[in-house]
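Structural description and commentary
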Amino acid sequence: MAKFDLTSRMGQYLDRHLVFPLLEFLSAKQIYDENELLQGKLDILSKTNMVDYAIDIRKQLYPLQEVPESLKNRRAQVVAQLHELQNEVSTILKLMSNDEVMKTMETMKDSKTLLNYLTKDYDFKIELMDGMYRLAKYRYECGNYSVSTSYLYFYMLVMPSTDKNFLNVLWGKLASEILVQNWDTALEDLNKLREFIDGNTFSSALQLLQQRTWLIHWSLFVYFNHVKGRDLIIDMFLYRPHYLNAIQTMCPHILRYLATAVIINRARRSALKDLVKVIQQESYTYRDPITEFLEHLYVNFDFDGARSKLHECQTVLYNDFFLIACLDEFVENARLMIFETFCRIHQCISIGMLADKLNMNPEEAECWIVNLIRNARLDAKIDSKLGHVVMGTQPLSPYQQLIEKIDSLSVRSEALQALIERKLKARSQDNRWGAQEF
Amino acid sequence: MSRFFATGSDSETESSSEEEQAPRQPAATFTFSDDEEETKRVVRSTKEKRYEDLTNLIKQIRNFKKNKDMSSMLTSFEELMRAYQKALPVIAKEENGVTPRFYIRCLFEMEEFISEVWEDKDGRKKNMSKNNFKSLASLRQKLRKYNKEFEEDISKFRENPDLADEDEEEEKEEDEDDSEAEFSAPLTLGKTEAPPDPSKFLKTPVVQERDEDDDGSEDSMDWGSDSDDETSSSDDDNQNIAYRERFLKKTTDKEEEEKKKKEKKEKKEKEKRKQRREEEEDGGGEWETVKGGVAIPSKPKMFAKDAEIDVGLVVKKLSEIVAARGKKRTDRREQIELLHELQAVAEAHNLGPAVTIKIKFAIIASIFDYNPKVSDAMKPEYWEKLLDRIMETLNMVLDVSELTISEQILEEMEVFDKPPYKIRGCVLTVVDRLDEEFTKLLKECDPHSNEYVERLKDEKKVCAIIDKVQEHLERNSVSSELCCIYLRKVEHLYYKFDPEVPKQKQGLLPEGSVSSVNTMETLCKYIYAKDSTDRLRTRAILAHIYHHALHDNWFQARDLMLMSHLQETIQHSDPPTQILYNRTMAHLGLCAFRHANIKDAHNCLVDLMMTGKVKELLAQGLLPQRQHERSKEQEKIEKQRQMPFHMHINLELLECVYLVSAMLIEIPYMAAHEFDARRRMISKTFYQQLRSSERQSLVGPPESMREHVVAASKAMRNGNWSACKNFIINEKMNAKVWDLFYQADRVRGMLSRLIQEEALRTYLFTYSHVYDSISMPTLAEMFELDQSVVHSIISKMIINEELMASLDDPTQTVVMHRSEPSRLQSLALQLTDKVNNLVDSNERIFEMKQGNFFARGGNQGGFRDRQNYNRQGQNWDRRAREGRTY
């Protein structure tokens, strides 16, 4: 199972705080050695200020050992520094606790007028904002994500987007929102951040590429949890060339998520063709059961291969943090895809064979097909004596072809004629006006 | 005496015949029986003799030129030709076949003179006797014919007619003229007496001779100005005209006797002087060989005997010698000798490594200089010497730890005596020139001879030198220099196939072993990261792609090509880079073919093949000229760009791969669109081949590669895959083409599989309308394919709506749906197509009238070779990726 696990590849593009949910998930699945995972967590924590959590894990890992003094000291230090930072920006914190002020602030659109208002009425200094930024970061590092979101929200209200920390603030905000699982605002922040990255001209293409890669990974949290995420992920990953490029060059493993998103999104079948192209192009750098499933089905038309891959897909999905939620949907849709393709090619299929290809038993399969026919998704009939499904497709007759071809002709010609007439009229009018003047 | 008159013409005036004697004096020495003369004769070598003959004749010609005595000139010229013929063996021996410069000069001057006279029609008619005119015409023709042989040299001379030399010479003449003005009378009178024989100088030691010469020229400098004034006062209007021309003018104007006389005198002096000089020059070559043996006597010349030899002195001497470099009069061989000696001295006195290195660099430079021509290669013995010297020097440089060699160090800042040594110089340029010379040498050899192989063995040495320089430069690590040397290394590496690479890919080699792909990777990545000039990077990328393609790393090669966006920008780069680009594309195509990516292979190669100028585009040979498409200079430049033979890409292989891929794409397409009115050609070249074979009334069994492919295409059209395969893969084709691939069997296997598949497709396209249903097992049997493969191919065709059919699973058959449209129906369909076209074009015309016209177009045409690249971008399935990953 570990073969298809992407956590280690994803981890390098995620914030250390964002890795925790992944690790938690892994330990629940028990793919890896529990102690190794704990050690990994501890290593990650060592650079944050979440001392309490570190102590907990340490206890789990070495139940017999005492908690070392250094950690306790560290805790005291962290608390002290937090106080110090809070003192620095106490005026702002006071401001923020004042509901009235916050309300008026939200009504003001322009950061400049806001700034004037604050400095005039509330003894506010712009220099304090740096401290605010540090405090938010510190809070985040301590694990107080919700607090840090509100601080950063305030920061973004006050400061213009040209501020040097603005990008970092955006990232911080997104991370905090993800970690408090506030998906609506997270999506908003994600879009803001994307616009900022796309609109801003960073120093080099390389940096831009890096930023986009990070954004792609972080957005997975949002897209697979938000209701609208399934459409958006296709829009962003597949139809924004910059992001598609980033995926191709930096992180082809993202194709797994993209492929899954396309498969479970029945409304976006048109995206399949583009996706298959990308998958084929990258097949030498990345392949996993899900991309292989698509390849078998849409490139080689190898239904047996697709079936066996579908089987593997299930285990992969089951062990993936992001995809576990859409496992059932995936299987259902994948089956439907196999069946649809099958129907397009075949005139007559035996139910037994079909059931075999769909990983179902024959009765179940028959039931499934009957349901499909009843829902009018399929023009077919079942021959129960022979156990066949007979497709009702009619070949295209020459008459139909002819009609299809000349269908639009008259409309187009009329439109053209109208255009020319209008033009002529306009010109003759011009002439008349011109003649009157003399 | 009568001998003189035999050659000289009767129309000559007395004075001119007088003049004649002076120059011809040395030749006349044979007739004298003086003892003194006798001894002199012994000294003279054949070379001298021949040269003397030549120079005398040349002088004669000059004289006639001044008199416009065409008939005598004609005879002299003929004689000159003969004399030259005689002198040829000597020239070949002494000068390595390089035509002596004075001879070329004479030819050049004559040509100019004749064309001038010829142009001056009035003067010709008025002043010329019929006889003279006749001679002029024939002379002109003869000269023209003759000069063709020396065309190159003369054109070179024309570009660089060493004016300085000419002036100097003239100045000297003038000075002589002044100083000996008083003697002119006695001289003319006593012309029967031999003037001081120049060959006498031969006996005097070299050094003295040289000193004298120097003094003389120095004096002439002082005197020159006086004489210049004098002459300018005599004819003030012609002040600015070159001296030689002035003479001509005077004669044509037929000025007063006085002037004529004076001029004659001048001429005489000049000739005498020249003769002497030439003799000195001639002698130069000989003396040196002597000097090699007697190095000791010349040593004092370097340093005074009692002088204490230290660093400063040696460096001073070195700069003295080096200062003479590049001057016209400097003997290049002698310079090398001198430098060697200096090195010996320096080593004998233990002056430290820095001085030796400095001298060695000077030696290398002078060896480079030894070959005066830019376009020709140096002589092999010098080449070997050069290799050894450079190797020695580099070894030394590497041995000395605290040493910086850089161009930024000024002469004054050089440190020779104590450890952090600093030397002005550039190792890079040495390597660059070495590499250039190496390519030139290789190009000069016949690629099919042993000589070429022998020469090619030096490639190892050159590479070793490059490695050493790289090692040296890595110590200092100046990124721009490192980029240069890395690229140099890359360019020696990229076209070589390393058999280790496939082994490494299969994991046969132990981990950590370095193959050429790894080396390329590190070198190129460094260049990508550090290079600031776009050119180096472009070349590095291209070489990198080439190398990947060569080793079957198709995906890496493709991605690198796509990421670099070179297809869009390559037309703006310099021709050598474009050539490299073409070579890379060719190999990329071959690589795609080996990976069964037929479409990509076709797209890579189509631009190269379409023009029919593959040879030129890959710089593997010039096409024969058609109506002077290119001028002499252009041809020369193009010749310089040619690739040496061992880097060539096999053109037949290239063409075969292209044609076969075109066949695999085109034949099924043709079958599918047999009745389509709007069918378009995919590959023009392939069509041409097909058509030319169709035109033949009788088609015999295929012989050439092209005929094989055409025959195979015809077989495939009928769905006969085995015949097709036998035409493509047989002994003849194996020997010609396929065996050239690494892992040829794999390629053949791939190819036969593809032929089977495409033949199946063609078969279905062509014959589907006669079937109501076809059994898949039968098809599989027919085409010897797996049933699953057949299933997959047919499914694909159904999905893509190429085949109107569906599968019947229980019976394993393909059921055809398409009823063949009746004649009326198909006509109606065609009509609708045409009406559709009409509406389309109407709309387009309307848009055009609306003025949306400017969006179209763009400039067409452009540079002949570059047109292709524009098209390239469209064909190649472009995937824009931002930035570069490196």
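Every residue gets a number counted from 1 within its own chain, in the order that chain's sequence is written. Chains and ligands are labelled sequentially in the order written, the chains with letters from A and the ligands with numbers from 1. In view of the model being predicted, local features appear only for residues whose pLDDT reaches at least 70, and side-chain atom pairs are presented and counted only at 80 or more, with totals across whole chains, interfaces and linings using the full set of residues. The side-chain numbers reported here are obtained from all heavy atoms of the structure, hydrogens and water having been left aside.

**Considering the overall build of chain A**
Working definition: helices are DSSP H or I runs of at least four residues, strands are E runs of at least two. Numbering for both runs from the N terminus. In terms of regular secondary structure, chain A is built from 24 helices and three strands. The proportion of buried residues among the 438 residues of chain A is 49%. Residue contacts are counted whenever heavy atoms from the two residues lie within 4.5 Å of one another. Considering only intrachain contacts with a sequence separation of at least 6, the fraction spanning at least 24 residues in chain A is 63%. Reported accessibility uses the Shrake-Rupley method at a 1.4 Å probe radius. Residues are deemed covered only where the shown protein chains occlude them. Of the roughly 22,600 Å² of accessible surface on chain A, 51% is carried by carbon and sulfur atoms. Accessible area is worked out with a 1.4 Å probe on protein chains only. A residue is then buried under 20% of its type maximum, exposed over 50%, and partly exposed in between.

**Quick look at the overall build of chain B**
Per the secondary structure count, chain B includes 42 helices and five strands. Relative to its 886 residues, chain B shows a buried fraction of 49%. When contacts within chain B are restricted to residue pairs at least 6 apart in sequence, those whose partners lie at least 24 apart make up 68%.

**Concerning the packing of helix 20 (residues 427-444) of chain B against helix 23 (residues 479-493) of chain B**
Residues and elements named next belong to chain B. Contact geometry of helix 20 with helix 23 gives a least axis separation of 11 Å together with a crossing angle of 20°. By the angle between their axes, helix 20 is roughly parallel relative to helix 23. By crossing handedness, the relation of helix 20 to helix 23 is classed as left-handed. Residues Leu428, Val431, Asp432 and Asp435 of helix 20 form the contact with helix 23, whose own contacting residues are Glu481, Cys484, Ile485, Arg488 and His492. Angles here are taken between N-to-C directions and fall from 0 to 180 degrees, while the axes themselves are lines fitted to C-alpha atoms, restricted in helices to the stretch in contact. Throughout this description, any angle smaller than 35 degrees is read as roughly parallel, any larger than 145 degrees as roughly antiparallel, any in the 65 to 115 degree range as roughly perpendicular, and the remainder as oblique. The sense of a crossing depends on the near helix, which, turned anticlockwise from the far helix by less than a right angle, makes the crossing left-handed and, turned clockwise, makes it right-handed.

**Re the interface of chain B and chain A**
Many structure descriptions define interface size as the accessible area lost when the parts assemble. Listed as interface residues are 38 residues of chain B and, on the opposing side, 39 residues of chain A. Summed over both partners, buried area is the accessible surface (1.4 Å probe) that two parts give up on being assembled. The contact between chain B and chain A buries some 3,700 Å² in all, and 59% of this surface belongs to carbon and sulfur atoms. Counted as salt bridges are all cases of a side-chain nitrogen of Lys or Arg within 4 Å of a carboxyl oxygen of Asp or Glu. Linking chain B to chain A there are three salt bridges. Between A:Arg412 and B:Glu843 there is a salt bridge, and its shortest N-O distance comes to 3.4 Å. Polar contacts here mean pairs of N or O atoms no more than 3.5 Å apart (in protein, one a potential hydrogen donor and the other a potential acceptor; neighbouring residues in sequence count only if both atoms are side-chain atoms). Inspection of the chain B/chain A interface yields 10 residue pairs in polar contact (both at pLDDT 80 or more).

**Observations concerning the side chain of A:Thr249**
Residue and element names in this part refer to chain A. Along the chain, Thr249 turns up in helix 15 (residues 241-250). Taking the relative accessible area as the measure of exposure, Thr249 reaches 18% and is therefore buried. Of note is the side chain of Thr249, whose polar atom sits 2.7 Å from the backbone oxygen of Asn245.

**A word on a nonpolar patch on the surface**
There is a patch of nonpolar side chains on the surface, built from A:Leu419, A:Ile420 and A:Leu424 and spanning about 250 Å² of accessible area. Of note, A:Leu424 is situated in helix 24 (residues 409-437). Each patch groups residues whose relative accessible area exceeds 30% and which form no salt bridge, using 9 Å between like charges and 5 Å between nonpolar side chains of Val, Leu, Ile, Met, Phe, Trp and Tyr.

**So, the side chain of B:Ser573**
Position of B:Ser573 relative to the elements: it lies in the loop between helix 28 (566-569) and helix 29 (575-594). Here the side chain of B:Ser573 touches B:Ile570 through a polar contact of 2.6 Å, landing on its backbone oxygen.

**Topic: the nonpolar core**
Residues belong to one nonpolar core when they are buried, are Ala, Val, Leu, Ile, Met, Phe, Trp, Tyr or Cys, and are joined through side-chain atoms within 4.5 Å. Judged by nonpolar contacts, the single largest core of 310 residues is most densely connected at A:Phe154, B:Phe593 and B:Trp738. Per-element tally for this core: the top contributor is helix 33 (residues 651-672) of chain B, with 14 residues. Excluding residues that lie within four positions of it along the chain, A:Phe154 makes contacts with A:Ile92, A:Met96, A:Met102, A:Met105, A:Leu118, A:Phe124, A:Met129 and A:Met132.

**With respect to the sheet that holds strand 4 (residues 805-808) of chain B**
Spatially, 2(A)-3(A)-1(A)-4(B)-5(B)-3(B) is the arrangement adopted by the six strands of the open sheet, whose pairing is mixed. The outermost strands of the open sheet, each flanked by one partner alone, are strand 2 (380-383) of chain A together with strand 3 (773-775) of chain B. Going across the sheet, the axis of each strand differs from the next one's by a mean of 20°, ignoring polarity. Whether two strands pair comes down to DSSP finding at least two bridges between them. Note that strand 3 of chain B and strand 5 (residues 813-816) of chain B share three bridges and pair antiparallel. Looking at the pairing, B:Ile774 lines up with B:Val814 of strand 5 of chain B.

**So, the packing of helix 29 of chain B against helix 33 of chain B**
Residues and elements named next belong to chain B. Their axes nearest at 10 Å, the elements helix 29 and helix 33 cross at an angle of 50°. As far as their axial angle goes, helix 33 and helix 29 are oblique. The element helix 29 and its partner helix 33 pack so that their crossing is left-handed. Every residue of helix 33 that contacts helix 29 at Ala586, Leu590 and Phe593 is listed here: Leu653, Leu654, Val657, Val660 and Ser661. Here the residues of the contact of helix 29 with helix 33 sort into seven nonpolar, one polar and no charged. Any residue outside Ala, Val, Leu, Ile, Met, Phe, Trp, Tyr, Cys, Pro, Asp, Glu, Lys and Arg is labelled polar, Gly included; the first ten of those are nonpolar and the last four are charged.

**Digging into the pattern of salt bridges**
Residue and element names in this part refer to chain B. Inspection of every chain in the model, using the stated rule, returns 49 salt bridges over all chains. Of the charged contacts, one joins Arg488 and Asp432 as a salt bridge, the two residues approaching to 2.9 Å between their closest N and O atoms. Within this pair, whereas Arg488 is found in helix 23, its partner Asp432 is found in helix 20, the two being separated by 56 residues in sequence. The exposure class of Arg488 is buried, given its relative accessible area of 19%. One salt bridge connects Asp467 with Lys489, and the closest N-O pair in it is separated by 3.2 Å.

**Quick word on the packing of aromatic side chains**
All names here are of chain A. Any two rings among Phe, Tyr and Trp, with Trp reduced to its six-membered ring, count as a pair given centres within 6.5 Å; such a pair is stacked if its planes are under 30 degrees apart, edge-to-face if over 60, and tilted if neither. Tallied over the entire structure, the rule returns 28 aromatic pairs over all chains. Plain terms: the ring middles of Trp171 and Trp218 are 4.8 Å apart, the flat faces sit at 75° to each other, and that makes the pair edge-to-face. Of this pair, Trp171 sits in helix 11 (residues 166-179) while Trp218 sits in helix 13 (residues 205-223); the two residues are 47 residues apart in sequence, bridging distant segments of the chain. A residue is classified by how much of its surface remains accessible, and Trp218, at 3% relative accessible area, is buried. Between Trp214 and Trp218, the ring centres sit 6.1 Å apart and the planes meet at 50°, which makes this aromatic pair tilted. With Trp214 and Trp218 both in helix 13 and four residues apart, the pair spans about one turn of that helix. An aromatic cluster of at least three residues, connected via ring pairs, comprises Phe25, Phe221, Phe224, Tyr257, Phe321 and Phe322. Against the face of Tyr243 rests Arg212, its NZ or CZ located 5.5 Å from the ring centre. As a reminder, the over-ring test applies to NZ of lysine and CZ of arginine, requiring each to be within 6 Å of the ring centre and within 35 degrees of the ring normal.

**Considering the state of the cysteines**
Residues and elements named next belong to chain B. Any two cysteine sulfur atoms within 2.5 Å of one another count as a disulfide. What the rule picks out here adds up to zero disulfides over all chains. In this structure Cys591 is not part of a disulfide, and its nearest cysteine sulfur, from Cys604, lies 9.0 Å away. Overall, the relative accessible area of 0% leaves Cys591 in the buried class.

**Points about helix 36 (residues 721-728) of chain B**
All names here are of chain B. Residues Trp721, Cys724 and Ile728 constitute the buried set of helix 36. Seen from one end, helix 36 has its buried residues packed into an arc of 60°, which puts them on one side. Those residues of helix 36 that are buried lie in contact with helix 33, helix 35 (705-717), helix 37 (731-736), helix 38 (744-767) and helix 39 (776-782). Think of it as the arc spanned by the lines of direction from the helix axis to the C-beta atoms.

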